[in-house]
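So you can see what is in the structure, the chains are spelled out below.
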Amino acid sequence: MVVTQENVAVNGSRRLSPQEIADVLRERIRAGELRAGDRLPTQAELADEFGVERGAVRQALRALQDDGLLTNVSKGSPPRIAEPPAPGHDEPQPTMVGLSPRLTAAFSAPHVRIDAACLTAESLIPALGEPLRLIHGGSLRPERIDVRILLPSRDIDLAFPVPVEGRGDDDPVHERWLAMRNAQGHVLRHNLQTLRSHGIDVQITFRALPFTPPVKLYLLNGSEALMAYYMVTRREEPTDTGTLDMYDVLGTESLLFSFEKAAGQRDAAFVEESQKWFDALWETITTDLTLS
């Protein structure tokens, strides 16, 4: 590295770069010198320690925040060392496995807000089983639950599932998907509305998308976004009238990626932009959906 006048401290030694300062603090966290919940020294104290300007310290702290190592980063007080993620929580898991614990955590809030954009409610129904059981058992008691679901319209030509040989005048693959969409929507609505017997204000609303969603997205209490790609595959399914050869997706097996506002600026930006995207669809090009 070329040492310029700007890199040299008053005592003649080379000034550390923001990245090098972040690396030193990162190593202290890794070694246990700084533990979860501890406050860092002030920016002034860190600047004195490393012999740099406060701007370099701020850049280093932002880098650590982006890595999820710091919380409560603000101008008013020194940040704290973040709690380590729960085992396995930072690793993507199949939707069927990963969605339930995140929903259970979300239902511990007084006001639960769940927004979902998906192909059907196939993954939501079993994932809601645990939080609903805890509410019925008295372990969880939210005051209000608002659920908004975006599902494809029955009137569009879906990108998937589709017959391998193409659509004809009669499309049993589309009819099969439509029956699943409606049946699962009714079950989801019924399961949530049973919570009204506990005095909980429950609202669940469906709207129709004018396109096939390429991913499934779940937004939990405005603080977490869970996303999974729909992986298209060819498969056959026997029916009473024959075998359906189609391009379909196995939504419950798709890997679910979690983004949390508290994990850093990048995750927070993803959550906020995902919420804006959902709200914009809800308020503009989607239409009322009647499950029939």
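Note that this is a predicted model, so its numbers are computed, not measured.

This part is about the sheet that holds strand E10 (residues 232-239). Taking strand neighbours across the sheet as the criterion, the 3 strands line up as E6-E11-E10 in an open arrangement whose pairing is antiparallel. For this open sheet the edge positions go to strand E6 (162-163) and E10, each flanked by a neighbour on one side alone. As defined by bridge partners, E6 adjoins strand E11 (residues 242-249) across 2 bridges and the pair is classed as antiparallel. Note on E11: the bridge partner recorded for Pro163 is Met246. Those strands touched by helix H7 (residues 172-193) are E6, E10 and E11, and its axis lies near 70° from that of E11.

Before going further, it helps to examine the pattern of salt bridges. Counted under the stated rule, the structure contains 17 salt bridges. Measuring nitrogen to oxygen at the nearest pair gives 3.8 Å for the salt bridge that ties Glu260 to Arg102. Residue Glu260 is found in strand E12 (residues 255-260), and its partner Arg102 is found in helix H4 (residues 95-106); the two are separated by 158 residues along the sequence. In this structure Glu260 comes out as partly exposed when scored by relative accessible area, which is 27%. With a closest N to O distance of 2.9 Å, Asp146 and Arg144 form a salt bridge.

In space, the 8 strands of this open sheet follow the order E3-E12-E9-E8-E4-E5-E7-E13, with mixed pairing throughout. If you trace the sheet from one side to the other, it starts and ends with strand E3 (93-94) and strand E13 (287-288), each paired once. Inspection of the sheet shows strand E8 (residues 215-220) paired to strand E9 (residues 224-229) by 6 bridges, in the antiparallel sense. Paired with Leu219 across the bridge in E9 is Ala225. The strands that helix H8 (residues 265-283) touches are strand E4 (111-117), strand E5 (144-152), strand E7 (201-209), E8, E9 and E12; relative to E5, the one it contacts most, it runs at about 70°.

It is worth spelling out the nonpolar core at this point. Ranked by internal contacts, the top residues of the largest apolar core, which has 43 residues, are Phe107, Ile145, Leu188 and Leu192. In contact with Phe107, not counting residues within four places along its chain, are Val112, Ile114, Leu128, Pro131, Ile135, Leu140, Pro142, Ile145 and Leu192. In terms of nonpolar packing, the next biggest core, distinct from the first, is built from 17 residues, Ala22, Ala47, Ala56 and Ala60 among them.

Once that is clear, we can look at the packing of aromatic side chains. Two aromatic rings are characterised by how far apart their centres lie and by the angle between their planes. Counted according to the given criterion, the structure contains 3 aromatic pairs. Judged by centre distance (5.9 Å) and plane angle (20°), the ring pair of Phe278 and Trp282 falls under stacked. With Phe278 and Trp282 both in helix H8 and 4 residues apart, the pair spans about one turn of that helix. Across the pair, exposure class does not vary: Phe278 and Trp282 are buried alike. Over the ring of Trp282 we find Arg148; its NZ or CZ atom is 5.1 Å from the centre of that ring.

What follows is about helix H2 (residues 43-50). Given 3.6 residues to a turn, an α-helix orients residues that are three or four positions apart in the same direction. Listed in full, the buried residues belonging to H2 are Leu46, Ala47 and Phe50. All buried residues of H2 lie within an arc of 100° about the axis, which places them on one face of the element. Along its buried surface, H2 packs onto helix H1 (18-31) and helix H3 (54-66). Looking one or two places after H2, you find Gly51, whose phi comes out positive at around 65°.

A word on unusual backbone geometry. That bond from Phe160 to Pro161 is cis: its omega, -5°, falls within 30 degrees of zero. You can see Pro161 is positioned in the loop between E5 and E6. Residue Asn221 is not a glycine yet carries a positive backbone phi of 55°. Within the element layout of this structure, Asn221 appears in the loop between E8 and E9.

Attention now goes to H7. Between its first and last C-alpha, H7 extends 32 Å over 22 residues, near the 32 Å set by a 1.5 Å rise per residue. Taking the backbone nitrogen of Val173 as reference, a side-chain oxygen 3.2 Å away marks Asp171 as the first, capping residue of H7.

This part is about a nonpolar patch on the surface. Judged by side-chain polarity, Tyr229, Met231, Leu255 and Phe257 come together as a nonpolar surface patch covering roughly 410 Å² of accessible area. Tracing the backbone through its elements, the reader meets Tyr229 in strand E9.

So, about the pairing of E12. Where a strand is regular, its side chains alternate between the two sheet faces. Both E3 and E12 contribute to a ladder of 2 bridges, which runs antiparallel. Paired with Pro94 across the strands is Leu255, a residue of E12. Where E9 meets E12, 4 bridges bridge the pair, whose relative direction is antiparallel. Residue pairing across strands places Glu224 opposite Glu260, the latter belonging to E12.

Criteria and cut-off values
Residues numbered from 1 in each chain as written. Predicted model: local features only at pLDDT ≥ 70, side-chain atom pairs only at ≥ 80, totals over all residues. Heavy atoms only, no water. Pairing = 2+ DSSP bridges. Helix = DSSP H or I, 4+ residues; strand = E, 2+ residues; numbered from the N terminus. Contact = heavy atoms within 4.5 Å. Axes fitted to C-alpha atoms, helices over the stretch in contact; angles between N-to-C directions. Salt bridge = Lys/Arg side-chain N within 4 Å of Asp/Glu carboxyl O. Buried < 20%, exposed > 50% of the residue type's maximum accessible area, 1.4 Å probe, protein only. Core = buried A, V, L, I, M, F, W, Y, C linked by side-chain atoms within 4.5 Å. Phe/Tyr/Trp six-rings, centres within 6.5 Å; stacked < 30°, edge-to-face > 60°. Lys NZ or Arg CZ within 6 Å of the ring centre and 35° of its normal. Arc of directions from axis to C-beta. Expected span 1.5 Å × (residues − 1). Polar contact = N/O pair within 3.5 Å; in protein donor to acceptor, adjacent residues only side chain to side chain. Patch = residues over 30% accessible without salt bridge, like charges linked within 9 Å, V, L, I, M, F, W, Y side chains within 5 Å. Areas by Shrake-Rupley, 256 points an atom, 1.4 Å probe, with all protein chains shown as cover.

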